[in-house]
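Observations on chain architecture
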Amino acid sequence: MRFAIGDTDFLLDGEPHRILSGAIHYFRVHPDLWADRIRKAKLMGLNTIETYVAWNAHAPSPDVFDLSGGLDLGRFLDLVAAEGMHAIVRPGPYICAEWSNGGLPYWLFADGSVGVRRNEPGFLAAVETYLQHLAPVLVPRQIDNGGPIVLVQVENEYGAYGSDPAYLRALEQMHRDIGLTVPFTSVDQPMGTMLEDGSLPSLHKTGSFGSRSTERLARLRQAQPTGPLMCSEFWDGWFDSWGEHHHTTPAAASASDLDDLLAAGGSVNIYMFHGGTNFGFTNGANDKGVYRPIATSYDYDAPLDEAGRPTEKFHAFRSVIERYAPVPPLPASMQPGGSGRLEQSDAPAPSAPGAAIAVRLDRVASLRSLLPALASWSAHDEPPTFDALGAASGFVVYRAEVDLPTGGVLTVGTEVRDRAVVSVDGVVVGVLEREYHDRAIVLPAVTGTLELLVEDQGRVDYGPRIGEPKGLVGGVAVDGVPLARWTAAPLALDPIAPAALAALAETAPTGGDVLAGPTFAAGSFDLDGVDDRYLSLDGFRKGVAWVNGFCLGRYWSRGPQQTLAIPGPVLRQGRNELVVLELHAAASRTACLLPEPALGHTEA
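Keep in mind it's a predicted model, so treat the numbers as computed, not measured. (Residues numbered from 1 in each chain as written. Predicted model: local features only at pLDDT ≥ 70, side-chain atom pairs only at ≥ 80, totals over all residues. Heavy atoms only, no water.)

Observations concerning empty space enclosed by the protein
Summed over all chains, the structure comprises 4 cavities of 30 Å³ or more. When its volume is computed, the second largest cavity comes out at roughly 110 Å³. Looking at the second largest cavity, it is lined by 17 residues, and the ones nearest its centre are L33, R37, T277, E306 and P567. At the level of secondary structure, the elements contributing two or more residues to the lining of the second largest cavity comprise β31 (533–536) and β34 (563–566). (1 Å grid on protein atoms, 1.4 Å probe; cavity = no way out; pocket = protein on both sides within 12 Å on 5 of 7 lines; lining within 4 Å. Points joined across faces, edges and corners; volume = space filled by probe spheres on them. Helix = DSSP H or I, 4+ residues; strand = E, 2+ residues; numbered from the N terminus.)

Quick look at the pairing of strand β17 (residues 394–404)
Among the 11 residues that make up β17, 8 are buried, leaving the element largely enclosed by the rest of the structure. Strand direction decides the pairing type here: β17 and strand β23 (residues 446–456), joined by 11 bridges, are antiparallel. By the bridge assignment, L404 is partnered in β23 with V446. The sheet contact formed by β17 and strand β28 (residues 486–490) spans 5 bridges and is antiparallel. Bridge pairing links V397 to A489 in β28. (Buried < 20%, exposed > 50% of the residue type's maximum accessible area, 1.4 Å probe, protein only. Pairing = 2+ DSSP bridges.)

Considerations on the sheet that holds strand β6 (residues 86–90)
Sheet strands pair via backbone hydrogen bonds, and the direction of the pair is either parallel or antiparallel. Strands sit in the order β4-β5-β6-β7-β8-β9-β10-β11 around a closed barrel of 8 strands; the barrel is parallel. If you compare each strand with its neighbour and ignore which way they point, the axes differ by 30° on average. Here strand β10 (residues 230–235) pairs with strand β11 (residues 267–274) via 4 bridges, running parallel. Pairing of F234 across the sheet is with I270, part of β11. Where helix α1 (residues 34–43) meets the sheet, its contacts fall on β4 (20–24), β5 (48–52) and β11, and the angle it forms with β11 comes to roughly 135°. (Axes fitted to C-alpha atoms, helices over the stretch in contact; angles between N-to-C directions. Contact = heavy atoms within 4.5 Å.)

A word on the side chain of K313
Among the secondary structure elements, K313 is positioned in helix α9 (residues 312–321). If we ignore the near neighbours within four places in the chain, the residues touching K313 are D236, G237, T249, A251, S254, D301 and P303.

Quick word on the packing of aromatic side chains
Think of a pair of aromatic rings as described by two things: how far the centres are apart, and how the planes are tilted against each other in angle. Here the structure, examined in full by the defined rule, presents 25 aromatic pairs. For the ring pair F123 and Y167, a centre distance of 6.1 Å and an interplane angle of 40° mean the geometry is tilted. You can see F123 sitting in helix α4 (residues 121–138) and its partner Y167 sitting in helix α5 (residues 165–177), a full 44 residues away along the chain. Y167 shares its class with F123; the two are buried. Centre to centre, the rings of W242 and W556 are 6.1 Å apart; their planes meet at 55°, and the pair counts as tilted. Remark: W556 occurs in strand β33 (residues 550–556) and W242 occurs in the loop between β10 and α8 (251–263); sequence separation between them is 314 residues. Residue classification places W242 among the buried residues on the basis of a relative accessible area of 2%. Grouped by ring-pair contacts, the aromatic residues Y52, W235, W238, F239, Y271, Y298 and Y300 constitute a single cluster. (Phe/Tyr/Trp six-rings, centres within 6.5 Å; stacked < 30°, edge-to-face > 60°.)

Some details on the layout of surface pockets
Taken as a whole, the largest pocket holds about 1200 Å³ of empty space. Lining the largest pocket we find 43 residues, and of these A57, F279, F281, T282 and D494 sit closest to its centre. Those elements that place two or more of their residues in the lining of the largest pocket are α2 (55–58), β17 and β33. A class-by-class count of the residues in the lining of the largest pocket yields 26 nonpolar, 14 polar and 3 charged. (Nonpolar A, V, L, I, M, F, W, Y, C, P; charged D, E, K, R; others polar.)

So, unusual backbone geometry
The amide bond that connects G517 to the next residue, P518, takes the cis arrangement and shows omega of 0°. Within the secondary structure, P518 is located in the loop between β29 (515–516) and β30 (519–527). In this structure, the amide linkage connecting G559 to the following residue, P560, adopts the cis form with an omega of 10°. Positionally, P560 belongs in the loop between β33 and β34. A positive phi angle, near 55°, is found at R117, a position not held by glycine. Within the secondary structure, R117 is located in the loop between β6 and α4. Of note in this structure, N548 is not a glycine but carries a positive phi near 50°. In this fold, N548 is placed in the loop between β32 (542–547) and β33.

Describing the environment of R141
Within the fold, R141 resides in the loop between α4 and β7 (149–153). Separated by 225 residues in sequence, R141 and S366 place their C-alpha atoms 50 Å apart. If sequence neighbours within four positions are ignored, R141 has contacts with G74, L77, D78, P136, G147, P148 and I149. A polar contact is formed between the side chain of R141 and the side chain of D78, at a distance of 2.8 Å. (Polar contact = N/O pair within 3.5 Å; in protein donor to acceptor, adjacent residues only side chain to side chain.)

What to know about α4
When the terminal C-alpha atoms of α4 are compared, their 24 Å separation across 18 residues agrees well with the 26 Å that a helix rising 1.5 Å per residue should span. Considered for burial, the residues of α4 that qualify are F123, L124, A126, V127, Y130, L131, L134, A135, V137 and L138. Buried residues along α4 sit against α2, α3 (73–82), β6, β7 and α5. The opening residue of α4 is E120, an N-cap whose side-chain oxygen sits 2.9 Å from the backbone nitrogen of G122. (Expected span 1.5 Å × (residues − 1).)

Describing the sheet that holds strand β22 (residues 440–443)
Pairing is antiparallel across the open sheet formed by 4 strands, whose spatial order is β22-β18-β26-β27. Sheet topology places β22 and β27 (481–482) at the edges, where each strand pairs with a single neighbour. Strand direction decides the pairing type here: strand β26 (residues 476–478) and β27, joined by 2 bridges, are antiparallel. Residue pairing across strands places V478 opposite V481, the latter belonging to β27.

Some remarks on the pairing of strand β15 (residues 363–366)
Going residue by residue along β15, you find R363 and A365 tucked away on one face and V364 and S366 left uncovered on the opposite face. Here 4 bridges tie β15 to β30, and the two strands are oriented antiparallel to one another. Bridging from a neighbouring strand, R363 pairs with A522 of β30.

Comments concerning the confidence of the model for the protein
The pLDDT averaged across the protein works out to 95; a share of 97% of its residues lies at or above 70. Overall, residues 345–352 carries pLDDT values under 50, and its contacts beyond four positions in sequence, including any with other chains, amount to 18 contacts. (pLDDT = per-residue confidence, 0-100.)

Encoded structure:
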């Protein structure tokens, strides 16, 4: 088969074809649930699945490129093809996606010599290697070769970042050089000169917007007089940041905008069809003067929610789509009021939703006591960045021996990136938060160990701060005198070090109802059947949770998110293990596994 760009339409074997696509990021969904989510997209009336490719997920270090398990992009695309659907692939190299560093590997910028998203030899050489790794996955899966891929996007909303045609030409040529032959696209907001700045004549321009479809398409047509109109990011919701309200858009309003888009003859990629979850420490952050880390949930108020269930928006969009294209019959379970489960999907057969399960976290060990199992220390004259330590994300502990008989004021020179719990001789004395531009804290009298537990809360994914290092940037001083002779250690938390899990398992159960952090707490629970569950940590303040060694991600009492998604495939019949790292304090040692997300998960 052949896919091409005609004067007015996309052409599939020479016939006009409308793309009805939905975004599913394979790296935000457990791989055992991919088939379920793809099938549900088809049931809404979509004919295409779109995904970014997260370079940094595949390449945790320069000498590794991982295409296994949840990163098996080839398997994901094969599942799309098995449903008789097409695929749009967006390899970037920059993807934004509210994903850590916009998908760019942290190690690429560790020495400060490599450019970011520009025509710079070091950056382009790394991109070339990245694309060569992707070639065996993408090239044979193009529609020309009998595969599902019909479009490949070059870069991502580049017009909002810069205007460098030489850079875009170099990227385009690299994509061609690895053997990609399908049409190439670009995407930008139809505002100002973004469409012109972010593309080339040889790239088919598409728009990104979520409202005022007729107006936005008119601006797109102005920038590109011929060819099919397409919104390749039709924003049907928005992402959440910690401490803000949960973003929603009215289903009727979004459906009306979608109707306007399709009535104008446009093609569409709904962003997102299913958002999924920022498991582990993969979330990004925004910094437009105030640092805002993205929440663990990437629900996005999408047609298919984080739990994989159809929402009101699913049915509203399906009603619009069936005016323009045939849609398959909807199983009873997917009808309004149904369970949302597909019994014939390739996902594990679900059990009936059960009651909530209380989990007593009765095995407790302080972070300090488990550091030998989690940390490998190195010595430095000044605090090193995460990047210099080879830490992509998570936590780093910094220690210095001090002699302050009358205390003093500790100051970080430039910026705390992103949050530091400050302790002296194991006693917490305060917190420094980047979000509030904190850089100074009063220390009590101490002759002993000063310790800063620094958390990377998400690398910036959008704007000029992409690629910046993490840690205690600019050095640390007390009363203006720089502190020297530091030791530092990244913590092995994703996955959590087996030795730490073993130490927790051997810890004797204790009584009490409260926790004083930073501390680990663990407990066991039994399941008769396996299905998706949702972890509620009511009474806990801030930290990280694991189930059976799988890192669910961060929790934070400030919301808006109040439950953490536990994919059914992570659970097992019989005994399961829950571990929590609480950074501050918890009023309870009891967690709760819920069969449904708590209402607070989707409320302010």
